[in-house]
Every structure is written in structure tokens, then in C-alpha cells.
Amino acid sequence: MDKKIAVITLGCSKNLVDSERLMMMLNDVGYDVTADADEEFLSSDGEKSVVINTCGFIGDAKEESVNEILSWCEAKSSGEISSLYVMGCLSQRYADVLPSEIPEVDKWYGKTDWHQLVKDLAHKNPGSAPYDRIITTPRHHAYLKIAEGCNRFCSFCAIPLITGRYKSRPVEEIVSEVRMLVGRGVKEFNVIAQDLTNYGKDLYGKVEIARLIDEIAMVPGVEWIRLHYAYPKDFPLELLDVMAKHPNVCKYLDIALQHISDNVLENMRRHITGAETRELLAEIRRRVPGIHIRTTLMVGFPGEGESQFQELMEFVKEQKFERMGAFAYCEEEDTYGAQNFSDDIPQEVKDARLSRLMELQESVSDELQQQKVGKIMRVVIDREEPDFYVGRTEFDSPEVDPEVLVSKIIPLERGGFYNVKITSAMPFELMGEPIIDNGN
């Protein structure tokens, strides 16, 4: 009988990489693997199983994970699938309570129990390389996870409690993975870790993110490298020199700042001041002209009064971040913040502050986007819609950043890079026309 299995991924791109590795292992031991548990999967013949890779970061993510599990429990009860397995951050964090709360799940696994899951299902070990995986993103781009865990222990964050201490992958292994993926058609690499700027310290005794990116940039066929989730404290400035040196390292940096008020930053245990934050941002822009900075900010953390929130608003006006997201504080059990601060800011106040902050960012984004009208920008095409092609510039990470809608005056290929003249702009979208004599 055919054995089919769907691996459903919730949460962040780091989870997606884990799922892709699990899919390759399952494929190696004889399973027909898919990342889409759609009608075709459910109506197919043979034994069907589902693995859910959960997220347990914040309340909304945990709720989404539980709801997904319960919906597949119903599918199992109705006979649509034969077995259900759960892994990931939620099951790692709540391993003691979930099995008794949801007994319909056949077995629960932690965040990185891939080999055990495969061994339990197939009774043999996979033969693939430890970093090999089935890419589920569009063929021309992939996420590249270079480390697991985090040593920062910010007072609001449960990630270190779930993933443990920082564990870097060796430079040689990562570069080998890049070469393998280039051979399969990947051109764009979105480098990810919970804390990029701590990379290598556990393996080499010093931070080696600059060396790693330098080596990746020299691999033939790598068109774009984009950096995700830097930490502001002890930022390795030599990384900026690598960014400026290599044209295929995107002038883009995702660095979560969270706040600018000194007392809020102290309560958050960010180990950096507002003045130091401003100095770092100025140095980043000085060393890498034209860089687009993506950041994440938080409102409503304990100790944030109206004056501290206004300080944050002025900071956003002053810095004009090209890309910015924000969220309201949600207390997470067992974190330093939950144990030491009272979550006493009313939810309606948090929501109002979040709305005001994002309205401000929309106006900032609109101003910056309008400045691109008339410019020629290099764009990668992600997909084709009925009326236009949809692509991104080097300043745009998949799914979270603005897209470029490219008119269909000539045929373009998915995964191709083209020069596009920007003809108009909206706060979170650009429109453009391809340069007709342009080649890939």
C-alpha cells in the first residue's frame, strides 16, 4: 500500500526549514511526501498520515497550532487520515501536558526530533545528508538556517526556553548546503537564525557571521543573500564591510530593535540604550549606503507609559525605517517578564498604540516608496498573475515585504532577474515596466 504523508508547517521560516529537512528524510525511507494536505491528498488512495510542525512563540501562534491539531484530530476520527503526529515549538514547550489534553494525536515530538519521528514511522534511518531537504518555496529562493537557539534571554521572549542555547552550524556545512541548492536552481538565499549576530561564537570562540557571508557570497550562482534577524547589542561591524564589498549581498538588514526608551529597553533586558541604538543605526547607514533596514518594535511592555510611547513614535519619524513591523506585548509564562513585571497596561491601550504606530509607518513607507518612482531596479519574478508578474527587489524579503507588480509588455520567466523601471508606488507596493532590451 502507498504511504503518503503531509507535513504542515506553522510559524516562522526557521520552522519551514525544519519541515523541509523532515520531508527529505521521509522521502528517503519511502514515503510519498507533500507540504500541502489538500483535497487531492485526502482523496488519494493508500495510507495517509499528517505531521504538524507547530509554533509556540506567542498566544496567537499557540492558539493557531492547537486549532490546527484539533481540526486534524477530527479528520482522523472521520477516517480521512490514518495517523497524526505533532512536533515543533508548541510540543517542545508543553510536552508534559499536551498528550493528556489531546490524546487523539498518535505521538508527540520535540522541535528537532526528526530522526526519531522517521525511525518510529519507517523503522529505519534516512540516508540523506543532515542538511539536505525538499524545498517548498518557489524554486529560485530558499531559507538558509545557520543556527538554532538563543542566548539573549530577553524578558518578553520564550524562544530560549523552547530552543535552548545557541548552536551554530559549521561554516563548511552551510557552504556545502548552498552549493547543493545552487545546483538545484536556487539563486536567492534568505539567511535566518534567531540571532544572526551571535553566529559562530560557540564553535569558533568568536563571532564569524562576516566570514560566513563572505564565503557564501563567493559561491558561483548565488545572486542574492539577505540577512534576517540581527541583534543590536554587540553588533559585528565587520559584517557591514562584507555587505558593502559583495554586490550579491543585499543591502538589507532585518534587525529587531523593540523600543528606544531606556527604561523600557532595560525592562526588556535588551542590554542596549537608546543612544547606542541610534549610534548603531547611523553606522550601518554610513558603511552601507542605500541599505534598507527592517525592524520590529513592541508596544505595551510593562513600564511603557504615554511618554515612552511618544518617544518611540518620534524615533520612527526620525529614523524612517524602510521596513517595519510591530506587535503588542503578550505575557508569556515562565519568561523573566512574566515573573518580574505586572502586565498592567490594558489591552485596548496596547491596541490603540499599535494602530497609531503602524499608521505612522504607513506614511513613512509611502514617502520612501514614492522616491523610487522613475528609478530602474533589479527585480526577481516570483509568480505570474492574470494582469501582471509579481516580483521583488533586493530590498524585499519573501512574504513580509512589498512586491513589485510588473506589466506584461514582454514575457518574463519565474525566477528570472530583470531590470524594471518603477512607474508608480503605493505604501507597500511598487508598479513597474521591464526594460525591453534587458537580459537575465
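Our subject is the structure that appears above.
Here goes a summary of the coordinates provided. (Residues numbered from 1 in each chain as written. Predicted model: local features only at pLDDT ≥ 70, side-chain atom pairs only at ≥ 80, totals over all residues. Heavy atoms only, no water.)

Here we look at the environment of Ile 260
Among the structural elements, Ile 260 can be located in the loop between strand E11 (249-255) and helix H12 (262-268). The class for Ile 260 is buried, based on a relative accessible area of 0%. Discounting chain neighbours no more than four positions away, the residues touching Ile 260 are Leu 265, Gly 274, Thr 277, Arg 278, Glu 311, Leu 312 and Phe 315. (Helix = DSSP H or I, 4+ residues; strand = E, 2+ residues; numbered from the N terminus. Buried < 20%, exposed > 50% of the residue type's maximum accessible area, 1.4 Å probe, protein only. Contact = heavy atoms within 4.5 Å.)

Structural notes on the packing of aromatic side chains
All told, the structure shown has six aromatic pairs when counted by the stated rule. Ring centres 6.2 Å apart and planes at 65° place the aromatic pair Tyr 336 and Phe 341 in the edge-to-face group. Residue class for Tyr 336 comes out partly exposed when judged on its relative accessible area of 35%. Lying across the ring of Tyr 204, Arg 211 places its NZ or CZ 5.0 Å from the centre. Taking the ring centre of Tyr 389 as reference, the NZ or CZ of Lys 408 above it sits at 5.5 Å. (Phe/Tyr/Trp six-rings, centres within 6.5 Å; stacked < 30°, edge-to-face > 60°. Lys NZ or Arg CZ within 6 Å of the ring centre and 35° of its normal.)

Considerations on the sheet that holds strand E1 (residues 3-9)
If you walk across this open sheet you meet the five strands as E2-E1-E3-E4-E5, and the pairing is parallel. Edge strands, defined here as strands with exactly one partner in the open sheet, are strand E2 (32-34) and strand E5 (107-108). Pairing between strand E4 (residues 83-88) and E5: two bridges, direction parallel. What sits directly across from Val 86, in E5, is Trp 108. Relative to strand E3 (residues 47-54), helix H3 (residues 59-77) is tilted by about 170°, and along the sheet it contacts E1, E3, E4 and E5. In this fold helix H6 (residues 114-122) packs onto E1, E3, E4 and E5, with an angle of close to 165° to the strand it touches most, E4. (Pairing = 2+ DSSP bridges. Axes fitted to C-alpha atoms, helices over the stretch in contact; angles between N-to-C directions.)

Describing the side chain of Glu 188
Inspection of the secondary structure assignment puts Glu 188 in strand E9 (residues 188-192). Looking at Glu 188, its side chain comes within polar contact range of the side chain of Arg 226, at 2.5 Å. In this view, Glu 188 contacts His 140, His 141, Ala 142, Trp 224, Arg 226, Val 380, Arg 392 and Pro 398; residues no more than four positions away in its chain are not counted. (Polar contact = N/O pair within 3.5 Å; in protein donor to acceptor, adjacent residues only side chain to side chain.)

Describing the pairing of strand E15 (residues 388-392)
Within E15, four of the five residues are buried, which leaves it mostly tucked inside the rest of the structure. Bridge count for strand E14 (residues 376-384) against E15 is four bridges, and the pairing is antiparallel. Within E15, the position partnered with Val 380 by the bridge is Arg 392. Where E14 folds back onto E15 in an antiparallel hairpin, the turn is made up of three residues.

Considering the environment of Val 390
Structurally, Val 390 is set in strand E15. For Val 390, a relative accessible area of 0% translates into the label buried. Along the primary structure Val 390 and Lys 4 are separated by 386 residues, whereas in three dimensions their C-alpha atoms are 33 Å apart.

Section: the pattern of salt bridges
Two side chains with opposite charge may pair up if their charged atoms get near one another. For the structure shown, the criterion picks out 39 salt bridges. Two residues, Glu 20 and Arg 133, come together in a salt bridge whose shortest N-O distance is 2.5 Å. Pair noted here: Glu 20 is in helix H1 (residues 13-28) and Arg 133 is in the loop between H6 and strand E6 (141-145), with a separation of 113 residues, a long-range link. Since its relative accessible area comes to 2%, Glu 20 is described here as buried. Given the relative accessible area of 0%, Arg 133 is considered buried. Here Glu 332 ties to Arg 93 by a salt bridge, and the two come within 2.8 Å at their closest N and O atoms. A residue pair is termed long-range when its members are at least 10 positions apart, and Glu 332 in the loop between strand E13 (323-328) and helix H15 (336-340) and Arg 93 in helix H4 (residues 89-93) qualify at 239 residues. Considered together, Glu 332 and Arg 93 belong to a single accessibility category, that of buried residues. (Salt bridge = Lys/Arg side-chain N within 4 Å of Asp/Glu carboxyl O.)

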